[in-house]
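Coordinate inspection notes
What follows is each chain in one-letter form.
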Amino acid sequence: MLTRRHFLAGAAGLSAAAGGLPMPAIGQARPKVVIVGGGAGGASVLRRLVERGNDALDIILVEPQATYTSCFYSNLFLGGFQPLDVLRHDYGAIAKLPGVTLARDAARAVDLAQRRVTLAGGSVLSYDRLVLSPGIDLDYGSVPGWSREAEERMPHAWKAGRQTEILKRQLDAVPDGGLILVIAPPDPYRCPPGPYERVSMMAHALTATGRSRARIVILDPKDRFSKQPLFQQGWEKHYPGMIEWMPPAIHAGIQTVDPSSMTVETGFETYRNADLVNVIPRQTAGRIAIEAGLAGDHLYCPIDPLTMQSRADPAVFVLGDAAIAGDMPKSAFAANSQAQRVAAIIGHELLGGTDGEAAYLNRCWSLIAANDSVFVGGAYRPGPDKIEQVASDISTLEDSAATRRANYEDSAGWYAGLTLDMFG
Amino acid sequence: MALPPARVSMPAEARQGEILEIKALIRHPMETGYRVDSRGQPIPRHIVRRFSVAYDGEEVFRMDLTQGVAANPFIAFSTVATRTGELVFTWEDDRGEVVTVRKSLTVTG
């Protein structure tokens, strides 16, 4: 079968003048791979490429933060199950890998034609292959009355770090009998079960500290949500009467939020003096990917399901939350799985050897209460137009307590394994 | 802010003859009575049996609820604004608990 990728790889030696995808000629400097974003996508690609090529590639990781705080697992910090330190990882071991350079800076612009990335500090990096794994950006205009300036009073905590700490501090200050509002995001967004695991962890923290008269209202723009029966069963079991989920048919839309008075007005009712308002807004691919023209008319970036190459430019790979990965959700597990594929294709194109098979996996755990963890998982293959789900697995309402506890232990093992895979 | 168990959304003012859209929500488990707990013991039925609305003393809406209704029942209905008065919303459950919400309506024209 002659795919576009095989054609390009075979013709690469001839195609330089025609503007195709040249393989660097022998004797030239090492092929250059620039990776933008040191999260579950970018860091995983980096380590796979180093394993494959040792120092045969010149790899530059562009990441402005010295310390990575994982958004995945951060709900467990909120619930009091993990200290903040567990979420934090530094790039020290990555920086020491052969052929790897760390650019502690943000990418500001991508020039696809010239194959160059300009950094905020002004330096310009050229590349043979570009890996874009910038994660999400938040649409601050998507919730009327909310803004970037309001994120201290009404935190999102959907990008981990300072925001995670603000949310935790506010949760700790909610009085017994207080009111928490969680504004959930529209699809597609990072971590589909995340808002509902977060609510579970808030309820756990409140209950565990003698504040079980507090109430949590979820204002959702969606008619249903990930693992909904599992969450709702768990909420009634562990936190009876504490959590109200309001779909759009009931709340009739968010009219406006006012951070100064902590007011949220919906089509159904107005909540004044709320004790905590967690606004999780609409999300898009990281701005750098959109500004590079890789998203087209979409909020996220279309990719070739076989290779994770951008539909706009086969020298660019987009993975993780920023990509339109078909049936795959936006999760750290998914990004890490896609990273295996990206590294295989880049290794194949720049170093030769096999490109393997495209097979993607995902598994997302959510903790509802102590030792009560549920999961949803899937296996995926490239279809003609998108990555398609070929198998799925989900916790059941009838699970034993031992099963739920084993799920929790699996999730802890996954977190340790993934972060080791990313950071060494 | 404390959140009461039952809330009602309706306009405070209307013109005579105007159709009012009224929405009412109560936080209630609506336990069916068909489930068992982790020790295999049946969980007793606990549902809202009746929801009724009196407008200036006259019943304008009534609904009998069953175990088929999901938790936190949300009920939307309409009535015609006839005169200034109070609407009294009453939920009664099978344990004899009664929750009442009162809303005033001013009718003009």
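Procedures and definitions
Residues numbered from 1 in each chain as written. Chains lettered and ligands numbered in written order. Predicted model: local features only at pLDDT ≥ 70, side-chain atom pairs only at ≥ 80, totals over all residues. Contact = placed C-beta atoms within 7 Å. Nonpolar A, V, L, I, M, F, W, Y, C, P; charged D, E, K, R; others polar. Pairing = 2+ DSSP bridges. Helix = DSSP H or I, 4+ residues; strand = E, 2+ residues; numbered from the N terminus. Axes fitted to C-alpha atoms, helices over the stretch in contact; angles between N-to-C directions. pLDDT = per-residue confidence, 0-100. Core = buried A, V, L, I, M, F, W, Y, C linked by C-beta atoms within 7 Å. Buried ≥ 20, exposed ≤ 12 C-beta atoms within 10 Å, placed from the backbone. Domains from an automatic or database assignment. Expected span 1.5 Å × (residues − 1).

Re the interface of chain A and chain B
Listed per partner, the contact involves 16 residues of chain A and 11 residues of chain B. Within the side of chain A that touches chain B, the residues separate by chemical class into 7 nonpolar, 3 polar and 6 charged.

Focus on the sheet that holds strand E13 (residues 243–246) of chain A
Residues and elements named next belong to chain A. Taken in spatial order, the 4 strands line up as E13-E12-E11-E17 in an open sheet, and their pairing is parallel. The open sheet has two edge strands, E13 and strand E17 (276–279), and neither has a second partner. For this sheet the average axis-to-axis angle between neighbouring strands, irrespective of direction, equals 15°. Relative to E13, strand E12 (residues 215–219) runs parallel, the two being bridged by 4 bridges.

Details of the confidence of the model for chain B
Mean pLDDT over chain B works out to 95, with 100% of the residues at or above the 70 mark. Among the scores for the predicted complex, ipTM is 0.89 and pTM is 0.92.

Some points on the nonpolar core
Residue and element names in this part refer to chain A. Counting residues in each nonpolar core, the largest one holds 141 residues, and the members touching the most others are Ile35, Leu132, Cys301 and Val318. The element that contributes the greatest number of residues to this core is helix H11 (residues 332–351), accounting for 11 residues. The two domains that each donate at least three residues to this core are domain 1 (4–137 + 283–355) and domain 2 (143–279). Leave out the neighbours within four places in its chain, and isoleucine 35 touches Gly42, Val45, Leu46, Ile59, Ile60, Leu61, Val62, Val131 and Ser133.

Thoughts on the sheet that holds strand E24 (residues 387–394) of chain A
Residues and elements named next belong to chain A. Taking strand neighbours across the sheet as the criterion, the 3 strands line up as E22-E23-E24 in an open arrangement whose pairing is antiparallel. Edge positions in the sheet fall to strand E22 (360–369) and E24, since each of these pairs with one other strand and no more. Neighbour-to-neighbour, the strand axes of this sheet turn through a mean angle of 20°, independent of strand direction. Here strand E23 (residues 372–382) pairs with E24 via 7 bridges, running antiparallel. Each bridged residue has a counterpart across the sheet, and for valine 376 the counterpart in E24 is isoleucine 394. Contacts from helix H8 (residues 228–238) reach E22 and E23 within the one sheet, and its direction differs from that of E22 by about 20°. Docked against the sheet, helix H12 (residues 401–423) engages E22 and E23, running at close to 60° with respect to E23.

Structural notes on H12(A)
Residues and elements named next belong to chain A. Relative to the 33 Å expected for 23 residues at 1.5 Å per residue, H12 spans 33 Å between its end C-alpha atoms, a close match to the ideal helical length. Buried within H12 we find Arg404, Asn407, Tyr408, Ser411, Leu418, Thr419 and Met422. In the core, the buried residues of H12 are packed alongside helix H2 (42–53), strand E4 (88–90), H11, E22 and E23. Once H12 ends, the next one or two residues include glycine 424, with phi positive near 85°.

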